[in-house]
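Read off the chains here:
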Amino acid sequence: MSIATAPTALSGVLPESRVLTGSAASGWTGGMPAEAVVFPADTDEVQALVRAANETGTRLLPAGAGSWLGAGGWTRVGGVIVSTARLDSVLHYEPADLTLTAGAGLGWRKLAALLEPNGQWLPVDGPGVGVGTLGGAAACGVPGPLRARYGAVRDNVLGLEVVTGDGRLLRIGGRVVKNVAGYDLVRLFTGSRGSLGVITRVSVRLFPRPEADVTMVFEGGVEEVLEVARVVRASPLPVAAAELVVRGAGVADGEAELAVRVLGGREEAEDVCSRLVAGIGAAPGGTMRGGESEVFHRRRIEWEGRLPLVVRLAALPGQLAATMEWARGVAGWTGGEVAGDVFGGVVRVKGSPGDDGAAELAETLTRVRREMEAAGGTMTLSQAPREVAARVGWTGAGGGGGGLAEKLKSLFDPRPVLQSRCP
Ligand SMILES: Cc1cc2nc3c(=O)[nH]c(=O)nc-3n(C[C@H](O)[C@H](O)[C@H](O)COP(=O)(O)OP(=O)(O)OC[C@H]3O[C@@H](n4cnc5c(N)ncnc54)[C@H](O)[C@@H]3O)c2cc1C
């Protein structure tokens, strides 16, 4: 780590060797402006930093590995970034109990390598999760297609240790799977994206890694594949995930593919696959098993990369055809790809819009949001060029809850010092 002068407001809280400034700081953030990046080594240091920030009025941004800092418009630029990267020890791992408690900075890959020899995993397949930290995944709380089988991130975070924006230390939830009566603060902090506090420890529920991983890919025209998706969604068979992808510039009449993932014991998985094929009445174009299936889905998690535009459209799973239609309207402007989670009803559009069409794209997005909200859905920008985001807004009427989010923010971060907005 390169050493630089500590920012004056927080000088003395951490040794200089754990403070980056200038080009070292912007190198770490990937170019996002930051006064400094600091690396506390334990919860006490996080608390000392947050208290010093309150005393000096320094703006802080909680972070993990910094893989998704500026995206989503949830965070403002500048201030001091507090990375939990050094809080990466495993504090409790009991394979027999299927639970784990670790520092928030534990890298996702390290976590997966630790669980693998015991045949266990934490099945969270939201976008970008594989390159971040456990705390980052809890802070963002974004599930992927595996939610259909394993639940959302919120369902699998059992407990958290958090230093709130005003410097209090909260230990909420538990280390083991049990029901606690009262307000569920763990669910409040999961998905709060660093707006209420710095998560320093996370306890999670683990799952046995299934013996077999099979993915069947059905290809065809969009309408045809949507019909297969409808049959899969209505089936009582235990399908782990199903994702529908439409590719190509001519998305309106494009070719689509549906990846149906089945997890379980070897015989069970093969049996589920053949019964699904019988129900669909058509054989898949291709079938992947084991590592091939896993890698296919891992790549899908990273599919949007650092593309300039990623839009998330969410509605009831039964409205998938309509949501896909809205998504394809947006994709017409971006020449991009559309991917829909068949069970979750969330459709993502990615693309690289040209510089000239920003006004028209913004108009389309605004119209799509209006129509989706009228139908009970939402449209959120995950990533967007600045001028598009400024015209459209990152979230619609869904965020905020009539000022409740701001009230919660003032309870945990009254000054405020934390740079992240309320989701
Ligand atoms: C290509 C890509 C696309 C992504 N798309 C989405 C998306 O659409 N929606 C989404 O929500 N996430 C998205 N993410 C983020 C992703 O879901 C993960 O959460 C990722 O693992 C972030 O981990 P990180 O440690 O790098 O977090 P960082 O990039 O360091 O931080 C990400 C966010 O989480 C907060 N945060 C991180 N750690 C903590 C902590 N310990 N305490 C409090 N707050 C913390 C930060 O303030 C920031 O708002 C994406 C990531 C990538 C790389």
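Predicted model, so just to flag it, every value in this text is computed and none were measured. (Residues numbered from 1 in each chain as written. Predicted model: local features only at pLDDT ≥ 70, side-chain atom pairs only at ≥ 80, totals over all residues.)

Let's shift gears to the overall build of the chain. Along the backbone of the chain there are 14 helices and 19 strands. Its C-alpha atoms give the chain a radius of gyration of 22 Å, within 12% of the compact-globule value 22 Å for 423 residues. Relative to its 423 residues, the chain shows a buried fraction of 46%. Across the chain, every contact between residues at least 6 apart in sequence was considered, and the portion connecting residues at least 24 apart equals 67%. (Helix = DSSP H or I, 4+ residues; strand = E, 2+ residues; numbered from the N terminus. Rg over C-alpha atoms; globule rule 2.2 N^0.38 Å. Buried ≥ 20, exposed ≤ 12 C-beta atoms within 10 Å, placed from the backbone. Contact = placed C-beta atoms within 7 Å.)

This part is about the site of the ligand. Every one of the 35 residues lining the ligand counts as a neighbour, but Gly64, Gly128, Gly132, Gly136 and Gly194 are closest to it. Elements with a contribution of two residues or more to the shell around the ligand: β3 (60-63), α4 (134-140) and β10 (197-205). With five residues, the top contributor of residues to the shell around the ligand is α4. Here the residues of the shell around the ligand are counted per class, giving 17 nonpolar, 16 polar and two charged. Shared between two domains, the shell around the ligand holds at least three residues of each, these being domain 1 (8-83) and domain 2 (90-208). (Near = placed C-beta within 6 Å. Nonpolar A, V, L, I, M, F, W, Y, C, P; charged D, E, K, R; others polar. Domains from an automatic or database assignment.)

Moving on, we come to the sheet that holds β10. Ordered by their spatial adjacency, five strands build an open sheet running β5-β6-β10-β8-β9, and the pairing between neighbours is antiparallel. Each edge of the open sheet is held by one strand with a lone partner, namely β5 (90-94) and β9 (169-173). Strand-to-strand twist across the sheet, computed as the mean angle between neighbouring axes with direction ignored, equals 15°. Where strand β6 (residues 99-103) meets β10, five bridges bridge the pair, whose relative direction is antiparallel. By the bridge assignment, Leu100 is partnered in β10 with Val204. Contacts from helix α2 (residues 43-56) reach β8 (157-164), β9 and β10, with the element oriented near 45° to β8. (Pairing = 2+ DSSP bridges. Axes fitted to C-alpha atoms, helices over the stretch in contact; angles between N-to-C directions.)

Our focus in this paragraph is the sheet that holds strand β13 (residues 241-246). The pairing of strands in a sheet happens through backbone hydrogen bonds and is either parallel or antiparallel. Spatial ordering of the open sheet is given by β15-β12-β14-β13-β17-β18-β16-β19, a layout of eight strands whose pairing is antiparallel. Two strands bound the open sheet, and with one partner strand each, they are β15 (286-289) and β19 (378-383). The mean inter-strand angle of the sheet, taken between neighbouring strand axes irrespective of direction, is 20°. Bridge count between strand β12 (residues 212-221) and β15: four bridges; the pairing is antiparallel. Across the sheet, the residue bridging to Met216 is Thr287, located in β15.

A large share of strand β17 (residues 337-341) lies buried, amounting to five of its five residues. The two faces of β17 match: Glu337, Ala339 and Asp341 on one face and Val338 and Gly340 on the other face are all buried. One ladder, built from four bridges, connects β13 with β17; its direction is antiparallel. Bridged to Leu244 within β17 is Gly340. Pairing between β17 and strand β18 (residues 346-351): four bridges, direction antiparallel. The partner of Glu337 across the bridge, within β18, is Lys350.

So, on to the nonpolar core. By size, the foremost hydrophobic cluster in this structure holds 59 residues, and its most contacted members are Ala229, Ala242 and Leu258. The greatest single-element share of this core, amounting to seven residues, is contributed by helix α11 (residues 320-334). Ignoring sequence-local partners within four residues, the contact set of Ala242 consists of Pro145, Ala229, Val232, Leu258, Ala259, Val260, Arg261, Val342 and Phe343. If you look at the next biggest cluster of nonpolar residues, it comprises 58 residues, including Trp68, Leu122, Leu160 and Val162. (Core = buried A, V, L, I, M, F, W, Y, C linked by C-beta atoms within 7 Å.)

Moving on to the environment of Ser67. Its location among the elements puts Ser67 in the loop between β3 and β4 (80-83). Accessibility expressed as a C-beta count within 10 Å gives 17 for Ser67, which makes it partly exposed.

Here the domain parsing of the chain yields domain 1 (8-83), domain 2 (90-208), domain 3 (210-244 + 252-302) and domain 4 (305-392). For domain 1 and domain 4, the distance between their C-alpha centroids amounts to 32 Å.

For the rest of this paragraph, the subject is unusual backbone geometry. Of note, the bond from Arg415 into Pro416 is cis; its omega dihedral lies within 30 degrees of zero at -20°. With respect to the helices and strands, Pro416 occurs in the segment after α14 (404-412). Phi is positive for Arg193, close to 50°, though the residue is something other than glycine. Along the chain, the position of Arg193 falls in the loop between α7 (185-189) and β10.

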